[in-house]
Protein chains: 2
Amino acid sequence: MMSRPYDVDVAVAGAGFAGLNTALAVSRAGRSVTVIEARDRVGGRTKPGHLAGSVVDLGGQWVGPDHRRLLALAARHRVALEPQFDAGAKLIDYQGQVRPYTGLIPALPVLALLEVDRVMKRIERMAAALAASAPWNAPDAAALDAVTVAGWLDAHVRTKGARMLMAVAVRAVFSAEPAEISMLFFLAYLRASGGLEPLVSVRGGAQQDRFRGGLHQLSERLADEVGRGRLRLSTPLLAVEQDMDGVTLRLGGGDSLRARRVVLALPPALLGRLAGQPAWPALRAGLNQRMAMGSVIKCHVAYATPFWRARGLAGEAVSDRGPFSPIFDGTPEGVSHGVLSGFLEGEAARRFTVAPPAIRRQAVVDTLVRLFGPPAASPIDYVENDWLAEEWSGGCYAGLMAPATMTGFGPVIRQPAGLVHFAGTETAIDATGYVEGALESGERAAAEVLDALRSTP
Amino acid sequence: MMSRPYDVDVAVAGAGFAGLNTALAVSRAGRSVTVIEARDRVGGRTKPGHLAGSVVDLGGQWVGPDHRRLLALAARHRVALEPQFDAGAKLIDYQGQVRPYTGLIPALPVLALLEVDRVMKRIERMAAALAASAPWNAPDAAALDAVTVAGWLDAHVRTKGARMLMAVAVRAVFSAEPAEISMLFFLAYLRASGGLEPLVSVRGGAQQDRFRGGLHQLSERLADEVGRGRLRLSTPLLAVEQDMDGVTLRLGGGDSLRARRVVLALPPALLGRLAGQPAWPALRAGLNQRMAMGSVIKCHVAYATPFWRARGLAGEAVSDRGPFSPIFDGTPEGVSHGVLSGFLEGEAARRFTVAPPAIRRQAVVDTLVRLFGPPAASPIDYVENDWLAEEWSGGCYAGLMAPATMTGFGPVIRQPAGLVHFAGTETAIDATGYVEGALESGERAAAEVLDALRSTP
């Protein structure tokens with residue numbers, strides 16, 4: 001039987017940073033490429049919103065100094081950095097009391113502070129001992145993958161303050177409860193970004209800078225580089241049919257696309273939706289069943305002025321009762337109004353995704369009033385994005401592994417299935433979970449398919 | 001805009017026991033119903049296989065004395081029970097030694113035996129304290145849902161022997177490692193079947209009897225009762241589109257089916273594949289991401305005679321190193337050959353799903369030789385079913401909950417999404433995970449849709 005002719009050398013599914021970066025590398029190597037995307041926009045888990053006359057990021061927004069690919073992309077397109085404002089005191093709301101603090105670690109009883117230091121060092125050591133590309137091979141991998149982070153903290157952390165702070169850190173990094181994720185996955189994720197401290201820090205860490213005009217616009221610039229003619233938006237992928245010679249993608253609306261190789265730049269939870277013919281390998285299908293997305297609703301609240309700055313506050317806060325935590329100063333440079341940006345995460349996101357919008361907004365404002373005082377009661381604008389309700393993300397920030405997933409299924413995460421390759425920040429070795437990881441995964445997936453195409457006629 | 005006319009009152013997706021029992025109740029109430037099924041057969045996670053001239057169950061096979069719906073179905077169709085053979089000594093392979101034992105608990109050091117007794121009683125008490133219909137409401141639900149069964153056992157069981165035995169029990173009941181499931185889910189599952197002892201027992205328990213000719217045939221009889229004209233096999237469901245007046249199911253091959261109400265009788269992991277329009281409620285989508293299926297390969301090995309019986313052995317065995325464990329005498333009544341039936345479960349299933357068939361068969365036979373001696377080296381026939389590789393099950397026996405799933409998402413498991421209702425053994429309050437639970441869920445889902453149809457014109 002004659003095969004149907006190829007439409008392109010490489011088809012990429014998903015026009016987030018991973019898929020776009022895959023397509024760019026493929027295209028630059030002289031191979032034809034088409035990117036299909038279910039949404040009517042590029043950018044995946046980044047997207048623009050409008051607040052008090054400015055554009056804000058409703059998804060991914062920060063960049064750290066180690067995110068060299070993302071920084072290079074911004075430099076290439078002359079998109080300027082804006083340092084994350086953090087001058088002044090931060091606030092911690094703990095056991096019913098709001099206290100200011102400076103530095104990385106909040107004001108807690110001294111025993112708790114000592115334990116936080118000890119536990120963080122221990123966690124950093126444990127993370128550093130893992131091989132970034134194969135954390136499942138560690139000698140104690142099975143034991144670490146048999147417990148949740150909550151279970152591990154319960155067994156190894158004694159003071160309430162240290163436990164609370166570790167839970168706050170887990171929620172902030174994963175938008176999940178410590179009970180949701182495997183200790184091994186937690187450590188591997190830290191390993192991929194150089195440890196816990198860089199992940200939770202502003203200066204020198206993953207929250208150091210934002211982009212003037214928003215991170216989301218870099219996906220638009222990347223799409224421009226790929227070439228708009230190579231993108232098909234509003235085109236959901238339904239099924240992936242492979243034969244000896246190529247792959248046919250069945251698309252929404254009855255259309256299809258035939259390629260020599262395919263890169264699926266989607267989180268595993270979305271891969272689980274795709275029918276495969278032949279059926280997906282058992283362990284790949286199993287992994288797709290086991291990487292639920294984080295739970296987060298991101299909210300920006302605008303005020304007439306950044307009133308907290310005048311009171312010596314950085315606009316940064318964490319709370320043990322939330323529901324809105326953590327919070328950062330989200331004021332764009334060059335405006336007169338002020339913005340407080342933050343998150344409903346994990347259990348709070350689940351509780352408020354089913355609440356009426358007015359109740360949700362009130363809960364956010366109420367938290368801000370408790371933390372920043374009465375002026376926080378009078379916002380001039382509000383915008384939010386419930387990533388749990390985004391059909392084509394299924395949650396944010398990233399796919400997470402429950403216990404026994406990394407040891408049982410982790411080794412297949414970057415393993416091609418026939419002529420189909422995988423990208424997406426979940427597959428990244430460097431900075432997994434971040435836009436930087438998405439870009440890295442695109443480079444790797446592109447290298448895989450280019451290599452495969454070179455070795456076939 | 002005029003709505004498209006209804007094809008049926010109720011459309012059911014999935015022709016396992018849950019979907020068929022839904023359809024039967026709907027049809028008996030005088031409502032029109034169509035069942036669509038992706039496979040070319042009914043029966044879901046039960047199916048027939050052929051071994052040494054007999055028919056064997058490649059999936060679900062046993063029935064316990066409490067499974068009143070399944071027993072009634074068998075009685076209605078005059079399908080006889082065959083007691084599970086268990087006369088004689090059982091074997092335990094532990095720390096390199098194979099020992100015979102009788103009764104429920106294997107021969108272990110006395111301290112381990114005392115601890116097994118204590119731990120089982122404690123677990124039974126904890127399970128009995130839960131509300132079967134809402135285990136997430138228990139006062140300690142959050143704490144129990146924050147740890148894996150492995151983590152709980154590690155904290156509460158000291159002797160190696162007791163830990164091993166609990167792990168063997170978890171694998172046997174869930175076809176999963178103790179690290180994969182939440183302690184709260186484990187207890188709730190036990191609660192739904194009256195405790196751990198009934199689940200792991202032959203006499204008086206969930207393995208007491210089999211069906212002459214196989215359990216799978218009862219799905220055929222149930223399909224006959226529904227009426228073959230109401231079934232559409234080989235018809236995958238792709239998408240579920242709801243409006244104010246009804247539901248349109250988009251089917252493979254471009255066809256569609258319009259109904260007033262729909263019952264999806266599929267495990268959550270398969271629900272996760274279905275596009276919804278409007279998009280599924282966030283917590284429903286989240287649950288679908290979080291109930292991975294168990295991992296199991298079921299194998300039957302036939303010998304010229306049931307040689308173990310002559311040596312006073314029951315043919316029942318468990319092993320701490322496996323990989324083939326547990327094992328039962330699977331000999332059908334009235335044949336001269338003998339059958340040993342068993343499972344590659346959890347981690348062993350993952351390891352052997354990617355092994356060549358000959359290597360897998362050899363590992364099974366090697367385990368049997370270690371346990372039952374040299375005669376086990378010469379099987380006359382062999383048949384297996386890798387449920388991990390079954391695209392339309394995604395694993396077996398059932399969907400499992402990792403930590404934080406039951407408290408975070410459990411309450412939506414039986415919650416209709418608009419005009420769409422949910423069945424399947426995962427949604428059962430009674431005997432969840434078993435065929436009995438599937439039948440119960442069908443009764444409940446049918447009652448829901450019939451009630452809804454009565455209250456709409």
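Because the structure is a prediction, the values reported are computed rather than measured.

### So, helix α14 (residues 357–372) of chain A
Residue and element names in this part refer to chain A.
1) Next: Taking 1.5 Å of rise per residue, 16 residues should cover 22 Å, and α14 covers 22 Å from first to last C-alpha, within 8% of that figure.
2) Next: Buried residues of α14: R360, A363, V364, V365, T367, L368, L371 and F372, and no others.
3) Next: Downstream of α14 by one or two residues, G373 has phi in the positive range, about 90°.

### Looking at the interface of chain B and chain A
1) Next: At the junction of the two partners, chain B supplies 32 residues and chain A supplies 32 residues.
2) Next: Summed over both sides, the interface between chain B and chain A buries roughly 2500 Å², with carbon and sulfur atoms accounting for 61% of that surface.
3) Next: Counting every contact that joins chain B to chain A gives eight residue pairs in polar contact (both at pLDDT 80 or more).
4) Next: Those elements giving two or more residues to the side of chain B that touches chain A turn out to be α5 (149–156), α11 (282–288), α13 (347–353) and α15 (405–409) of chain B.
5) Next: Residue composition of the side of chain B that touches chain A, grouped by class: 17 nonpolar, nine polar and six charged.

### Concerning the packing of helix α2 (residues 68–76) of chain A against helix α16 (residues 435–454) of chain A
Axes are the key here: two packed helices are described by the angle between their axes and the distance separating the axes.
All names here are of chain A.
1) Next: Their axes nearest at 7 Å, the elements α2 and α16 cross at an angle of 90°. One finds that α2 runs roughly perpendicular with respect to α16. Residues R68, R69 and L70 of α2 pack against V435, E436, L439, E440 and E443 of α16.

### Examining the side chain of R69 of chain A
Residues and elements named next belong to chain A.
1) Next: Tracing the backbone shows R69 in helix α2.
2) Next: Looking at R69, the relative accessible area reads 11%, which means it is buried.
3) Next: Polar side-chain contacts of R69 include one of 3.1 Å to the side chain of E443.

### Considering the pattern of salt bridges
1) Next: Taken as a whole, this structure holds 68 salt bridges over all chains when the rule is applied.
2) Next: Residue R290 of chain A pairs with E180 of chain B through a salt bridge whose shortest N-O separation is 3.6 Å. On the criterion of chain membership, the pair formed by R290 of chain A in the loop between α11 (282–288) and β14 (296–303) and E180 of chain B in the loop between α6 (160–174) and α7 (183–191) is interchain, its members lying in two chains. Note on accessibility: R290 of chain A and E180 of chain B belong to one class, buried.
3) Next: In this structure, E390 of chain B engages R39 of chain B in a salt bridge whose closest nitrogen and oxygen atoms are separated by 2.7 Å. A residue pair is termed long-range when its members are at least 10 positions apart, and E390 of chain B in the loop between β18 (381–386) and α15 and R39 of chain B in the loop between β2 (33–36) and β3 (48–51) qualify at 351 residues.
4) Next: Salt bridges sharing partners connect three or more residues here, namely R39, R41, K47 and E390 of chain A.

### Brief notes about the UniProt feature "binding site: FAD" (unreviewed entry) in chain A
All names here are of chain A.
1) Next: UniProt records the feature "binding site: FAD" (unreviewed entry) at E37, A38 and E426, using the numbering of this structure.
2) Next: Position of E37 relative to the elements: it lies in the loop between β2 (33–36) and β3 (48–51).
3) Next: Residue E37 is classed as buried on the basis of its relative accessible area of 6%.
4) Next: A distance of 2.9 Å separates a polar side-chain atom of E37 from the backbone nitrogen of R39.
5) Next: If near-sequence neighbours (up to four positions away) are discounted, A38 is found in contact with S234, T235, P236 and W392.

### So, the packing of helix α1 (residues 17–28) of chain B against helix α9 (residues 216–226) of chain B
Residue and element names in this part refer to chain B.
1) Next: As a packed pair, α1 and α9 sit with axes 9 Å apart at the nearest point and diverge in direction by 25°. In terms of their interaxial angle, α1 and α9 are classed as roughly parallel. Judged by the sense of rotation from one axis to the other, the crossing of α1 with α9 is left-handed. Residues F17, L20, N21, A23, L24 and R28 of α1 touch α9, and the partners they reach there are L218, S219, L222, A223, E225 and V226.
2) Next: Here the contact of α1 with α9 is composed, by residue class, of eight nonpolar, two polar and two charged.

### Remarks on the packing of aromatic side chains
Residue and element names in this part refer to chain A.
1) Next: Considering all chains together, one arrives at 26 aromatic pairs over all chains under this definition.
2) Next: Joined through ring pairs, the aromatic side chains of F174, F185, F186, Y189 and Y434 make up one cluster.
3) Next: Seen from the ring of W62, K298 lies directly overhead, with NZ or CZ sitting 5.7 Å from the centre.
4) Next: For R309, the ring lying beneath its charged end belongs to F85, and the centroid distance is 3.7 Å.

### A closer look at the environment of T427 of chain B
Residue and element names in this part refer to chain B.
1) Next: Assignment of secondary structure puts T427 in the loop between β19 (420–422) and α16 (435–454).
2) Next: Separated by 291 residues in the primary sequence, T427 and W136 place their C-alpha atoms 14 Å from one another.
3) Next: Residues within four places of T427 in sequence aside, it is in contact with I413, R414, F422, S441 and R444.

### Some details on the relation of the copies chain B and chain A
1) Next: Overlaying chain B with chain A gives an RMSD of 0.0 Å, the required rotation being 180° about an axis along which the chain moves by 0.0 Å. What the superposition gives is, in effect, a two-fold axis relating one chain to the other. By C-alpha distance to the rotation axis, the residue of chain B lying nearest is R273 of chain B, at 1.9 Å.

### With respect to the pairing of strand β14 (residues 296–303) of chain B
Residue and element names in this part refer to chain B.
1) Next: Burial within β14 is extensive, with eight of its eight residues counted as buried.
2) Next: Along β14, one buried face is formed by V296, K298, H300 and A302 and the opposite face, lined by I297, C299, V301 and Y303, is buried too.
3) Next: Pairing of β14 with strand β17 (residues 338–345), which is carried by eight bridges, proceeds in the antiparallel orientation. Bridge pairing in β17 links Y303 to G338.
4) Next: Across six bridges, the pairing between β14 and β18 is antiparallel. Of the residues in β18, the one forming a bridge with A302 is D381.

### Details of the side chain of R350 of chain A
1) Next: Checked against the element boundaries, R350 of chain A lands in helix α13 (residues 347–353).
2) Next: On the basis of relative accessibility, which here comes to 6%, the residue R350 of chain A falls in the buried class.
3) Next: Among the polar contacts listed, one links the side chain of R350 of chain A to the side chain of S295 of chain A, at a separation of 3.1 Å.
4) Next: Every residue in contact with R350 of chain A, bar those within four places of it in the chain, is listed here: E177, E180, S295 and L388 of chain A together with L283, R290, A404, G408 and F409 of chain B.

### As for the UniProt feature "domain: Amine oxidase" (unreviewed entry) in chain A
1) Next: UniProt feature "domain: Amine oxidase" (unreviewed entry): in the numbering of this structure it lies at residues 17–450 of chain A.
2) Next: For residues 17–450 of chain A, the end-to-end C-alpha separation is 19 Å, with 35% helix and 21% strand making up the annotated structure.

### Digging into α2 of chain A
Residues and elements named next belong to chain A.
1) Next: Regarding α2, the residues found buried are R69, L70, L73 and A74. Down the axis of α2, the sector holding all buried residues measures 135°, keeping them to one side. Exposed side chains of α2 directed beyond 90 degrees from the buried face belong to R68 and A75.
2) Next: In this structure, the buried residues of α2 make contact with α1 (17–28), β8 (209–211), α9 (216–226) and α16.
3) Next: Of the residues flanking the end of α2, it is R78, one or two places downstream, whose phi is positive at about 50°.

### Some words on the pairing of strand β11 (residues 247–251) of chain B
Residues and elements named next belong to chain B.
1) Next: Here β11 lies mainly inside the structure; four of its five residues are buried.
2) Next: Counting the residues between successive antiparallel strands, the hairpin from strand β10 (residues 237–242) to β11 contains four residues.
3) Next: Bridge count between β11 and strand β12 (residues 256–264): four bridges; the pairing is antiparallel. Each bridged residue has a counterpart across the sheet, and for T248 the counterpart in β12 is R258.
4) Next: Between β11 and β12, which pair antiparallel one after the other, the connecting turn spans four residues, and G253 there sits at a positive phi close to 85°.

### Side note on the domain arrangement of chain A
All names here are of chain A.
1) Next: Splitting chain A by domain gives domain 1 (8–44 + 216–292 + 401–454), domain 2 (48–66 + 80–86 + 206–212 + 294–389) and domain 3 (107–200).
2) Next: Centre-to-centre separation of domain 1 and domain 3, based on C-alpha positions: 30 Å.
3) Next: Counting residues at the interface gives 17 residues for domain 1, matched by 21 residues for domain 3.
4) Next: Surface buried jointly by domain 1 and domain 3 totals about 1400 Å² across both partners, of which 65% is contributed by carbon and sulfur atoms.
5) Next: Three residues, P403, M406 and Y434, lead the burial of domain 1 against domain 3; their summed loss comes to 38% of the area buried on that side.
6) Next: Here domain 1 is connected to domain 3 by six residue pairs in polar contact (both at pLDDT 80 or more).
7) Next: Split by residue class, the side of domain 1 that touches domain 3 holds 10 nonpolar, five polar and two charged.

Reading guide: rules and limits
- Residues numbered from 1 in each chain as written.
- Chains lettered and ligands numbered in written order.
- Predicted model: local features only at pLDDT ≥ 70, side-chain atom pairs only at ≥ 80, totals over all residues.
- Heavy atoms only, no water.
- Helix = DSSP H or I, 4+ residues; strand = E, 2+ residues; numbered from the N terminus.
- Expected span 1.5 Å × (residues − 1).
- Buried < 20%, exposed > 50% of the residue type's maximum accessible area, 1.4 Å probe, protein only.
- Contact = heavy atoms within 4.5 Å.
- Buried area = accessible area lost by both parts, 1.4 Å probe.
- Polar contact = N/O pair within 3.5 Å; in protein donor to acceptor, adjacent residues only side chain to side chain.
- Nonpolar A, V, L, I, M, F, W, Y, C, P; charged D, E, K, R; others polar.
- Axes fitted to C-alpha atoms, helices over the stretch in contact; angles between N-to-C directions.
- Parallel < 35°, antiparallel > 145°, perpendicular 65-115°, else oblique.
- Salt bridge = Lys/Arg side-chain N within 4 Å of Asp/Glu carboxyl O.
- UniProt positions renumbered as here; feature names shortened; annotations may be inferred.
- Left-handed = near helix turned anticlockwise from the far one by under 90°.
- Phe/Tyr/Trp six-rings, centres within 6.5 Å; stacked < 30°, edge-to-face > 60°.
- Lys NZ or Arg CZ within 6 Å of the ring centre and 35° of its normal.
- Least-squares fit on C-alpha atoms with pLDDT ≥ 70 in both.
- Pairing = 2+ DSSP bridges.
- Arc of directions from axis to C-beta.
- Domains from an automatic or database assignment.

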